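Listed below, chain by chain, are the residues.
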Amino acid sequence: MSPEQASTLPRAPVSLRVNGADHPISLERDRSLLNVLREELGLTGTKYGCGEGECGACKVLVDGVAVRSCITPVGEAIGRSITTIEGLAHGDRLHPVQQAFIDVGAFQCGFCTPGMILAAVSLLARNSRPTEGEIRAAMDGNICRCGGYLRIVEAIQKVAQSPSLADGGTP
Amino acid sequence: MSRLPSAHPFDLLPPAERNYFERFGNGLVVVLPAQRPGPSEWGRGGPPHGGAWIHLGGDGKARAFTGKVEVGQGTRTALSLLVAEELHLPLSSVELTMGDTDVCPWDMGTFGSRSMPDAAQHLRLTGAATRVFLLEIAAAQLEASPGDIELLDGQARVKGAAGSRSIGYGELVKDLQRIELVPPSTEPTPPSQWTRAGHPAQDLGSREVVTGTRQYTSDLHPPGLLYGKVLFPPAHGSKLLGVDLSRARALPGVTAVQEEDFVGVAAPDPATAQAAMKALRAEWQTTAQPSEKEIVDYLRRHPTEGEDSWDVLHYETGNVADAFAASPVSLQATYTTAYIAHVPLETHAVLASWNGDRLTVALGSQTPFRARHAIAEALGLPESSVRVMVPPTGAGFGGKHADELAVGAARLARASGHPVRIVYSREEEFTQAYFRPMSVVDIRSAADKDGRLTAWEFHNVNGGSAAARLPYRVAHQKIDNQPTDSPLPQGPYRALAATANNFARESHLDELAARVHADPVEYRLRHLADDRLAAVLRAVVQRAQWVPRTSPVGPTGRPDGKGQGIAVGLEKGGRVATFAEVHVGPDRRLEILRMVTGIECGAIVHPSNLQNQVAGGAVMALGGALFEAIHFENGRILNPKLSEYPVPRFHDVPPIDVVLLDRPDLPSQGAGETPLIAVAPALANAIYDATGRRLRSLPLVPDGTVP
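Residues numbered from 1 in each chain as written. Chains lettered and ligands numbered in written order. Predicted model: local features only at pLDDT ≥ 70, side-chain atom pairs only at ≥ 80, totals over all residues. Heavy atoms only, no water.

So, the interface of chain B and chain A: which residues are in play, and what are the values?
With 56 residues of chain B at the contact, the number on the chain A side is 54 residues. Approximately 4700 Å² of surface area, both sides summed, lies buried where chain B meets chain A, with 55% of it carried by carbon and sulfur atoms. Between chain B and chain A we count 5 salt bridges in total. Across the pair aspartate 219 of chain B and arginine 38 of chain A runs a salt bridge whose closest N-O atoms are separated by 2.9 Å. Remark: the boundary between chain B and chain A carries 31 residue pairs in polar contact (both at pLDDT 80 or more). Put simply, the parts of the chain that give the side of chain B that touches chain A at least two residues each are α5 (206-211), α7 (270-279), β19 (420-423), α12 (426-432) and α16 (607-626) of chain B. Counting residues per element, the side of chain B that touches chain A draws most heavily on α16 of chain B, which supplies 8 residues. Class assignment for the residues of the side of chain B that touches chain A results in 25 nonpolar, 21 polar and 10 charged. (Contact = heavy atoms within 4.5 Å. Buried area = accessible area lost by both parts, 1.4 Å probe. Salt bridge = Lys/Arg side-chain N within 4 Å of Asp/Glu carboxyl O. Polar contact = N/O pair within 3.5 Å; in protein donor to acceptor, adjacent residues only side chain to side chain. Helix = DSSP H or I, 4+ residues; strand = E, 2+ residues; numbered from the N terminus. Nonpolar A, V, L, I, M, F, W, Y, C, P; charged D, E, K, R; others polar.)

This is the structure we're talking about:
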């Protein structure tokens, strides 16, 4: 599998809702969502890591749920609300998960971080008080090759324990 | 000062001819001159280096420059902290430029854990000298003597005089265009007096990381960008006989290039680039290659001289043959480690752009100056016409030496007249990168009637010599390594040979301790010749609450299936000890209950980052210890995907207790590699304790169960 997927289908005009804005784009419906976000919309915070849904670097939120954009045909995202890492903060105010990653120092090279943060946001949206085991299970589809797993768990626990997040941390 | 083209690389000019002030504005520049002895002189006075420089500008900021790069190991913040320390500046007033060949000092590359012992030392010296010049300038303006001036958070003022005037650094230097060399007498601030370095600090650039705005090489997208792809052989050991580019060139907007061994295409969009690759008609000659099942014999039967004489270690002391003959106890075993892959999460990436006759290459690389040289040589350019920059890079681990990729992108950019970006697919990353070498280590040891080690014979085939020397007292030793004609490309890797040699030695020492009914910790302490390493071992076993082994491990291990293991190591100037506790149940599944790992690497510069390096290094080492292995047959990689080559995930990681021993009285050493080397033997030793089974090959449990 390559970072860029070829398609033979004709281009069709569609609109993609990303980070609260509609983007009219002409594209092949079976192209990956990752490819469209990065190469058409310039949203490069979403990363290519493997192209087969194994590493989680490409995760984005689709209607609040983390999905692997490298194996999601863009056609499946049309008509739904997509949030990429660039759209998570409210202006200058970081999402609590973003802030916790900074406070804990939960990254090294940082390449996995956008996918990690969005996977964590997705987890906390459905379970605002996850146990350590639940965090590990929910995050197991995301790889940090620098090996920063323990601090990532710590950052998520920090958010889960904060009172402000008691009623859910959805973006 | 002569006016030169603003693009001439600084390292190729004498300090006085560099246009620091044209580029960065007025100010004070202090330069630590380069030392570049020839390779034959390496090892005398340390490796060659390109020095360092600092520009203190009218805006009050210190711009520091080093040829080292940041690929996720956290040196940007650590090195910046040291500059802030010497100049008494807030961290936010330091801007560190790394690995940009136009404006940074020459550097041989970021490998071998040299950023702390070399770059940090050079920046400390340069910072300290800058401070001394600044004190003189401030003294003149404040009409005091330099000894009466104090520097605080970017302001200079007369000491002790309440309400005295203070002047900002920027104000002091804004009218200067002054270049000074670091005086030989310069002394950096001793770590015991540090107020910024050695204390908690937030990593620079954190906000960009968590908001997704940090631009890695693979994210760069200039106007007119073409997507490049390289034609790779179908198997290692293949030779290109010929290629027909015509069908690819017929596609819209496609450039196809064949120059020397390079064949590649560039196209306006990824799908067309893919189609152009499919349209290439290449003819390959393949030759039979050795496969995994015969690899140990193959390596033993294919010795070579080695590429460099310093690759080869031959150490001998005492009389090994006589000592074996005279010793009542002897033991012999062979330990192997598999070829494994780096798997940086960002694959190899490059962007090449021409501007007239000048080429700029953004490259995820640990060796930008070597890449500049390779590009210039391949394309017939003067080195001054090439600029290599290293944007933030999604990790390296020793695997990002990307000279050939950079040359290929430059060729495509030259032929097409457009900027060209190449990003490896994950499969290309697995098949085209080089691997951590396989090691085959033969050890023979002997002990006297009291169990004391008397003789040690150690021979590494193919893997290299790092950390092969003994940290233990043994009178008779023979230690060497044998380079071979490896059938797979192999190269640098985080803690490369040290992992293999430490696994072999620390496993074997455990076997010998068991043979003479000694406790593994006591046995090590009895023989350790290095007090610093002994201190780390003691700290770790205390934290881990090691239970001394009072009875031998039975043939089936412990009734409760629990075992504990210990291992130590000394590498790259750092000392490490790792403890592991495991459980192996009736289903033979291995569970790691907990680990404790301790390190001492001199004065700690950035404690939080060191903690990250130690814990992260231990996690990376878990993969190679437990399950990572490249499978290959006849020159082909059989598992070139993350779904087929597992790396550690959340569920693989036990609780890891990190013990940091700070030694402000000792020089800071690198800590990116050393934390890996004791993990595999600690696990193998713990598995032995739990089950009575001695595992001598990495990976230990490819399917998760103890055989």
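How would you sum up the domain arrangement of chain B? Please name residues and give values.
Residue and element names in this part refer to chain B. Domain annotation of chain B identifies domain 1 (10-211), domain 2 (217-286 + 348-423) and domain 3 (302-339 + 435-698). One C-alpha centre belongs to domain 1, the other to domain 3, and the line joining them spans 38 Å. Facing 20 residues of domain 1, the contacting portion of domain 3 comprises 15 residues. Note on domain 1 versus domain 3: buried area summed over both sides is about 1400 Å², and carbon and sulfur give 59% of it. Our count for the domain 1 to domain 3 interface comes out at 0 salt bridges. For the pair domain 1 and domain 3, the number of links is 5 residue pairs in polar contact (both at pLDDT 80 or more). Examining the composition of the side of domain 1 that touches domain 3, we find that 4 residues originate from one element, helix α2 (residues 75-87), more than from any other. Residue composition of the side of domain 1 that touches domain 3, by class: 10 nonpolar, 9 polar and 1 charged. (Domains from an automatic or database assignment.)

With reference to specific residues and values, describe the packing of aromatic side chains.
By convention here, two paired aromatic rings are described through the distance between centres and the angle between planes. Enumeration according to the criterion identifies 11 aromatic pairs over all chains in this entry. Relative to tyrosine 216 of chain B, the ring of phenylalanine 111 of chain A has its centre 5.0 Å away and its plane inclined at 90 degrees; by these criteria the two rings are edge-to-face. You can see phenylalanine 111 of chain A sitting in the loop between α2 (96-104) and α3 (113-126) and its partner tyrosine 216 of chain B sitting in the loop between α5 and β9 (226-230), one on each of two chains. Of the two residues examined, phenylalanine 111 of chain A and tyrosine 216 of chain B, each falls in the buried class. When the ring centre of phenylalanine 324 of chain B is taken as reference, the NZ or CZ atom of arginine 444 of chain B above it lies at 3.7 Å. Sitting above the plane of the tyrosine 315 of chain B ring, arginine 469 of chain B keeps its charged end 3.6 Å from the centroid. (Phe/Tyr/Trp six-rings, centres within 6.5 Å; stacked < 30°, edge-to-face > 60°. Buried < 20%, exposed > 50% of the residue type's maximum accessible area, 1.4 Å probe, protein only. Lys NZ or Arg CZ within 6 Å of the ring centre and 35° of its normal.)

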